[in-house]
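Single-letter residue listing:
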Amino acid sequence: MQNIIEAFVLGIVEGLTEFLPVSSTGHLLLLGHFLGFESNGKTFEVLIQLGAILAILLVYFRRLLDIALRIPSDPSARRFVIGVLVAFLPAAVIGALLHGFIKGVLFNPLIVCCALIAGGLVLLVVDELELQEKYTDATTFTLPMYLKIGFFQCLAMIPGVSRSGATIVGAMLLGASKRAAAEFSFFLAMPTMAGAFAYDLLKSYKELSFNDGILIVIGFVAAFFSALVVVRSFLDFVSRRGFAVFAWWRIIVGLVGLAGLWIVG
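Only a predicted model underlies this, so the values are computations on that prediction, with no experimental measurement involved. (Residues numbered from 1 in each chain as written. Predicted model: local features only at pLDDT ≥ 70, side-chain atom pairs only at ≥ 80, totals over all residues. Heavy atoms only, no water.)

Go over the packing of helix α10 (residues 163-173) against helix α11 (residues 178-204), please, and point to the residues and values.
The contact between α10 and α11 brings their axes to 8 Å, and the two run at 135 degrees. Relative to α11, the element α10 is oriented oblique. Crossing of α10 over α11 shows right-handed handedness. Here α10 contributes Arg163, Ser164, Thr167, Ile168, Ala171 and Met172 to the contact with α11, which in turn contributes Lys178, Ala181, Ala182, Ser185, Leu188, Ala189, Thr192 and Met193. (Axes fitted to C-alpha atoms, helices over the stretch in contact; angles between N-to-C directions. Helix = DSSP H or I, 4+ residues; strand = E, 2+ residues; numbered from the N terminus. Parallel < 35°, antiparallel > 145°, perpendicular 65-115°, else oblique. Left-handed = near helix turned anticlockwise from the far one by under 90°. Contact = heavy atoms within 4.5 Å.)

Given below as structure tokens:
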């Protein structure tokens, strides 16, 4: 029963943090560490992301369908789809090559805490910069810009950096508005998270037990509903308020995590 409650809580945390620039993986690893929740090869933390993926697919279904229907006749729709795939490519290649190192070495609470704090400081700086906004629509970035954002995303292979945080900061530094940068992080999340889900499942499905499956389903459902809340409100929030609140949250969580590791290990 305790594991079921922990899986539910972790699922909620996954959904609430996946699309915010605060690192869902970092939060899950820290929370799991202090709760004593262990999954085979950290597979639970990756597989419950499917709930968040489905949430964003539901919210963006009409827009995705519109883009898909325009692909045969609209060059801009084709270019955007190619742009998303180009941005996804660096993480797909590097993630596959370094999968064992990432899961075995970098999934470490101390690394997570340091990355949370460092990323928070970066967000504070970037949020205050007077950057030139050349792009206000995520579907109009240039192909080289999509590729560069993809390399920024690779920084998030370090747990605690944040996939959305890395892509948002990268897009803003390259000329995107806050809203456009955040929205593109949503689009890029779909193939990236789906790819990570499929790759991790392929690598570990033989090690999963029936009980693991139950916990993953619970986490998945919790992540789906909590992610719905975030996806429907995040863009308007960052357009008005920026990223400072998320930066300070990261720093506080990182410092509390370090204190917890020092006190209880």
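An account of the layout of surface pockets is needed here, citing residue identities and associated values.
Counted as a void, the largest pocket has a volume near 670 Å³. Surrounding the largest pocket, 31 residues form its lining, Gln49, Ala156, Met157, Thr192 and Ala196 being those nearest its centre. Only α2 (24-35), α6 (75-97), α7 (99-106), α9 (143-154), α10 and α11 provide two or more residues apiece to the lining of the largest pocket. Per-class residue counts for the lining of the largest pocket are 15 nonpolar, 12 polar and four charged. (1 Å grid on protein atoms, 1.4 Å probe; cavity = no way out; pocket = protein on both sides within 12 Å on 5 of 7 lines; lining within 4 Å. Points joined across faces, edges and corners; volume = space filled by probe spheres on them. Nonpolar A, V, L, I, M, F, W, Y, C, P; charged D, E, K, R; others polar.)

Account for the packing of aromatic side chains, naming residues and giving values.
Inspection of every chain in the model, using the stated rule, returns 13 aromatic pairs. Pairing Phe80 with Phe187 gives two aromatic rings, centres 5.0 Å apart and planes at 85 degrees, and the pair type is edge-to-face. Here Phe80 is found in helix α6, whereas its partner Phe187 is found in helix α11, with 107 residues between them in sequence. Accessibility assignment for this pair places Phe80 and Phe187 in one class, buried. With a centroid separation of 5.5 Å and 70 degrees between ring planes, the pair formed by Tyr135 and Phe141 is classed as edge-to-face. In this structure Tyr135 comes out as buried when scored by relative accessible area, which is 16%. Joined through ring pairs, the aromatic side chains of Phe19, Tyr60, Phe80, Tyr135, Phe141, Tyr146, Phe184, Phe186, Phe187, Phe234, Phe237 and Phe246 make up one cluster. (Phe/Tyr/Trp six-rings, centres within 6.5 Å; stacked < 30°, edge-to-face > 60°. Buried < 20%, exposed > 50% of the residue type's maximum accessible area, 1.4 Å probe, protein only.)

How would you sum up the packing of helix α4 (residues 49-59) against α11? Please name residues and give values.
One can describe the packing of α4 onto α11 by two numbers: an axis separation of 10 Å at closest approach and a directional angle of 145 degrees. Remark: the crossing between α4 and α11 carries left-handed chirality. On α11, the residues that touch Gln49, Leu50, Ala52, Ile53, Ile56 and Leu57 of α4 are Phe186, Met190, Met193, Ala194 and Phe197. Among the residues making up the contact of α4 with α11, the classes are represented as 10 nonpolar, one polar and no charged.

Got a sec to walk through the nonpolar core? Specific residues and values, please.
Formed by 49 residues in total, the largest nonpolar core has its most connected members in Phe19, Phe141, Phe184 and Phe234. Counting residues per element, the ones that place at least two in this core are α4, α6, α8 (109-128), α9, α10, α11, α12 (210-241) and α13 (244-264). Ranked by residues supplied to this core, first place goes to α11 with 10 residues. Non-local contacts of Phe234, meaning those with residues more than four positions away in its chain, are made with Phe19, Leu20, Pro21, Ile168, Ala182, Phe186, Phe243 and Phe246. Counting residues in hydrophobic clusters, the runner-up holds 13 residues, among them Leu30, Phe107, Val112 and Leu116. (Core = buried A, V, L, I, M, F, W, Y, C linked by side-chain atoms within 4.5 Å.)

Describe unusual backbone geometry, with residues and values.
Unusually for a residue other than glycine, Ser23 sits at a positive phi of about 75 degrees. Note that Ser23 resides in the loop between α1 (2-17) and α2. Here Ser162, not a glycine, exhibits a phi torsion of approximately 95 degrees, which is positive.

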